[in-house]
Amino acid sequence: QGNMAFAGKYEFEGDENYDEFVKKIGLSSDKVEMGRNCKIVTEVVQNGNDFTWTQHFPGGRTTTNTFTIGKEADMETMGGKKFKATVKMEDGKIVADFPNYHHTAEICGGKLVEVSSQISGLVY
């Protein structure tokens, strides 16, 4: 199990496929506009497998998720929905399944790279 150092403050630099993604996950249009090119600052405090992950939005709003790798935790989406998730560490990446998307985070070249992808609605 990799023990990557995630602690730090990371300033938003850019996003790709934002509009397409937020439409697919059903974010309301006011939240879509609020999030577009939003200069979010993500602050990560890490103590071993315990994390406090805070996103500071312009205007003073913050979202904080506190979790321990491998244990179920109460979480909140950027849209404000509450849910339970078990956050995992896979290949040095933090991995979590939000209600309607899969999220990974890793450190690349000193930068925090977060990827959210829609979970398919297909049932096998």
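What you see is a predicted model; the values in this text were computed from it and never measured. (Residues numbered from 1 in each chain as written. Predicted model: local features only at pLDDT ≥ 70, side-chain atom pairs only at ≥ 80, totals over all residues. Heavy atoms only, no water.)

Turning next to the packing of aromatic side chains. Applying the stated criterion across every chain yields a total of seven aromatic pairs. Their ring planes at 50 degrees and their centres at 6.2 Å tell us that F6 and W53 sit as a pair that is tilted. Highlighted residues: F6 in the segment before β1 (8-11) and W53 in strand β3 (residues 50-56), separated in sequence by 47 residues. Assigned by exposure class, F6 and W53 land together as buried. Taken together, the aromatic side chains of F6, F51, W53 and F67 make up a single cluster linked through ring pairs. (Phe/Tyr/Trp six-rings, centres within 6.5 Å; stacked < 30°, edge-to-face > 60°. Helix = DSSP H or I, 4+ residues; strand = E, 2+ residues; numbered from the N terminus. Buried < 20%, exposed > 50% of the residue type's maximum accessible area, 1.4 Å probe, protein only.)

For the rest of this paragraph, the subject is the pattern of salt bridges. This model, assessed by the stated rule, comprises three salt bridges. Between E76 and K82 there is a salt bridge whose closest N-O contact spans 3.3 Å. (Salt bridge = Lys/Arg side-chain N within 4 Å of Asp/Glu carboxyl O.)

Burial along strand β4 (residues 62-68) is one-sided: T63, N65 and F67 are buried, while T62, T64, T66 and T68, pointing the other way, are not. Summarising the sheet, β3 and β4 pair through seven bridges and their orientation is antiparallel. Each residue of the ladder has a partner; that of T52, found in β4, is T66. Between β3 and β4, which pair antiparallel in sequence order, lie five residues; one of them, G59, sits at a positive phi of approximately 95 degrees. (Pairing = 2+ DSSP bridges.)

Moving on to the sheet that holds β1. Read across the sheet, four strands follow the order β1-β2-β3-β4 without closing on themselves; strand pairing throughout is antiparallel. Of all the strands in the sheet, just β1 and β4 have a single pairing partner and so form its edges. Ignoring which end each strand starts from, the neighbouring axes of this sheet average 15 degrees apart. (Axes fitted to C-alpha atoms, helices over the stretch in contact; angles between N-to-C directions.)

Mapped onto the secondary structure, T42 falls in strand β2 (residues 41-47). Taking the C-alpha atoms as reference, T42 lies 7.1 Å from W53; in sequence the two are 11 residues apart.

F6, F51, W53, F67 and I94 are the most contacted members of the largest nonpolar core, which has 20 residues in total. For this core, the secondary-structure elements that each account for two or more residues are β3, β5 (72-76), β6 (82-86), β8 (93-97) and β9 (101-108). Ranked by residue count, the leading element in this core is β9, at three residues. When near neighbours in sequence (up to four residues on either side) are disregarded, W53 contacts F6, T42, E43, V44, T63, T64, N65, F67, I94, A105, L112 and E114. (Core = buried A, V, L, I, M, F, W, Y, C linked by side-chain atoms within 4.5 Å. Contact = heavy atoms within 4.5 Å.)

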